[in-house]
Amino acid sequence: MSAGPVVSVGRVGVPAGDAETHEWLDALAGKGARYEEALSRLHGLLLRAARFEVARRKRVMPHLRGEELDDIAVQSADDALVAVLARLSDFRGESRFTTWAYKFAILEAAVALRRRAWQGREIPIEPERWPLVPSGGLSPEADTEQRELLAAISDGVREALTPHQRRVLLAVVLEDVPIDVLADRLGTTRGALYKTLHDARVRLRADLEGRGLAPGHEGSKSHG
Amino acid sequence: MADADVLVRRLLGPGEPEVGCDECFFELDRYVDLRLAGADADAAVPGMRAHLEGCPACAEEHESLLELAASA
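Residues numbered from 1 in each chain as written. Chains lettered and ligands numbered in written order. Predicted model: local features only at pLDDT ≥ 70, side-chain atom pairs only at ≥ 80, totals over all residues.

**A few points about the overall build of chain A**
In terms of regular secondary structure, chain A is built from eight helices and zero strands. Considering chain A as a whole, with its 224 residues, one finds that 34% of them fall into the buried category. Counted over contacts in chain A with a minimum sequence separation of 6, partners at least 24 positions apart contribute 71%. (Helix = DSSP H or I, 4+ residues; strand = E, 2+ residues; numbered from the N terminus. Buried ≥ 20, exposed ≤ 12 C-beta atoms within 10 Å, placed from the backbone. Contact = placed C-beta atoms within 7 Å.)

And the structure:
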């Protein structure tokens with residue numbers, strides 16, 4: 001597969017449908033043997049993507065055996081095939097069909113691997129200790145500023161956030177809990193949880209400004 | 001243990017307008033192919049770069065898709 005030419009078609013820099021994309025769409029709109037053959041090729045494409053994702057992550061999951069990892073890849077490709085077929089009408093032709101299809105397999109595999117990595121692990125609800133932060137080679141003056149900023153953020157976490165915002169922010173940032181794993185445990189969605197994280201960050205920034213401290217980035221008008 | 005700057009960035013997020021996770025997934029293929037084509041993907045999908053800075057899960061999936069699509 002090649003990247004193919006990229007031309008403007010109404011929106012600057014949007015890739016036009018390449019010949020391979022048209023071939024995929026024609027085949028998946030077909031019937032009989034041609035459709036069955038296209039489904040088989042599509043599953044192969046998705047399996048390649050799922051195995052790619054598994055291979056990227058297996059170095060941080062040394063406790064998993066190759067057989068279990070490949071089972072995850074196959075299941076992810078199966079689930080991605082269902083998702084791709086269900087959402088085929090959403091494909092707008094603004095990317096290559098293969099890139100569009102790959103993202104479903106990568107998502108399925110990534111989510112499955114994160115869940116597997118956290119299977120049986122408890123998620124700390126309220127981390128009690130604020131992490132000690134090394135100076136990182138900063139000058140004494142800069143080091144003092146960083147520590148003051150972190151102390152102010154710590155105060156903001158305690159005083160400006162709701163318990164739910166505090167729980168989500170600390171789990172994701174301090175405990176490195178994947179946001180989709182946390183969403184599963186809390187019975188919500190990744191999108192909803194990111195909105196909570198985003199709102200917590202906006203509150204923290206506003207709280208810092210109220211304390212006369214300017215964070216490293218400008219602006220706090222973001223939306224989730 | 002995170003470096004202080006990294007920790008502050010992770011706590012405070014990108015601090016600029018960003019898309020959410022659902023829109024990120026919806027636009028991810030277009031964003032990646034635009035990047036691979038050398039086009040200005042950040043201008044075409046406003047708020048995407050900020051979201052990828054603020055959301056570790058979406059950032060991981062973006063990196064994977066970028067690498068896979070580049071090799072396809």
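**Quick word on the overall build of chain B**
What chain B contains, in helices and strands, is five helices and zero strands. Taken from the N to the C terminus, the helices and strands of chain B come in the order α-α-α-α-α. Seen through its C-alpha atoms, chain B measures out along the principal axes to roughly 35 × 25 × 20 Å. Every one of the 72 residues in chain B was classed for burial, and the buried ones make up 50%. Long-range pairs, those at least 24 residues apart, make up 64% of the contacts in chain B with a sequence separation of at least 6.

**Observations concerning the confidence of the model for chain A**
Residues with a pLDDT of 70 or more make up 81% of chain A, whose mean pLDDT is 84. Here residues 1-15 of chain A is modelled with pLDDT under 50, and outside its nearest four sequence neighbours on either side it reaches 27 contacts, counting other chains as well. (pLDDT = per-residue confidence, 0-100.)

**Concerning the environment of A:Glu122**
Secondary-structure assignment places A:Glu122 in the loop between helix H4 (97-118) and helix H5 (140-159). C-alpha of A:Glu122 to C-alpha of A:Asp18: the two residues are 104 residues apart in sequence and 47 Å apart in space.

**So, the domain arrangement of chain A**
All names here are of chain A. Domain boundaries in chain A define domain 1 (19-118) and domain 2 (122-224). Listed per partner, the contact involves four residues of domain 1 and four residues of domain 2. Residues of the side of domain 1 that touches domain 2, tallied by class, amount to two nonpolar, no polar and two charged. (Domains from an automatic or database assignment. Nonpolar A, V, L, I, M, F, W, Y, C, P; charged D, E, K, R; others polar.)

**Description of the nonpolar core**
Residue and element names in this part refer to chain A. Among the nonpolar cores identified, the biggest contains 69 residues, and Leu46, Ala50, Ala105 and Ala109 are the most heavily contacted of them. Sorting elements by how many residues they give to this core places H4 first, with 13 residues. Of the residues that make up this core, three or more belong to each of domain 1 (19-118) and domain 2 (122-224). (Core = buried A, V, L, I, M, F, W, Y, C linked by C-beta atoms within 7 Å.)

**Some words on unusual backbone geometry**
Across the chain, the bulk of peptide bonds are trans and the bulk of non-glycine residues have phi less than zero. The phi torsion at A:Asp176 lies on the positive side, around 55°, for a residue other than glycine. With 10 C-beta atoms packed within 10 Å, A:Asp176 lands in the exposed category.

**A few points about the packing of H4(A) against helix H5 (residues 56-71) of chain B**
One can describe the packing of H4(A) onto H5(B) by two numbers: an axis separation of 10 Å at closest approach and a directional angle of 135°. One way to sum up the angle between H4(A) and H5(B) is to call them oblique. The two elements H4(A) and H5(B) cross, and the hand of that crossing is right-handed. Contacts from A:Thr99, A:Tyr102, A:Lys103, A:Ile106, A:Leu107 and A:Ala110 in H4(A) reach B:Glu60, B:Glu61, B:Ser64, B:Leu65, B:Leu68 and B:Ala69 in H5(B). (Axes fitted to C-alpha atoms, helices over the stretch in contact; angles between N-to-C directions. Parallel < 35°, antiparallel > 145°, perpendicular 65-115°, else oblique. Left-handed = near helix turned anticlockwise from the far one by under 90°.)

**Some details on helix H2 (residues 32-57) of chain A**
With 26 residues, H2(A) should reach 38 Å at 1.5 Å per residue; the first-to-last C-alpha distance of 38 Å fits that figure. Buried residues of H2(A): A:Leu42, A:Leu45, A:Leu46, A:Leu47, A:Ala49, A:Ala50, A:Phe52, A:Glu53 and A:Val54, and no others. Against the buried residues of H2(A) lie helix H3 (66-86) and H4 of chain A together with H5 of chain B. (Expected span 1.5 Å × (residues − 1).)

**Some words on the environment of A:Ala171**
All names here are of chain A. Considering the arrangement of structural elements, one finds Ala171 in helix H6 (residues 163-174). According to the C-beta neighbour criterion, Ala171 is buried, with 24 such atoms within 10 Å. Distance in space between the C-alpha atoms of Ala171 and Leu182 is 8.0 Å, their sequence separation being 11 residues. Leave out the neighbours within four places in its chain, and Ala171 touches Ile123, Pro124, Val177 and Leu182.

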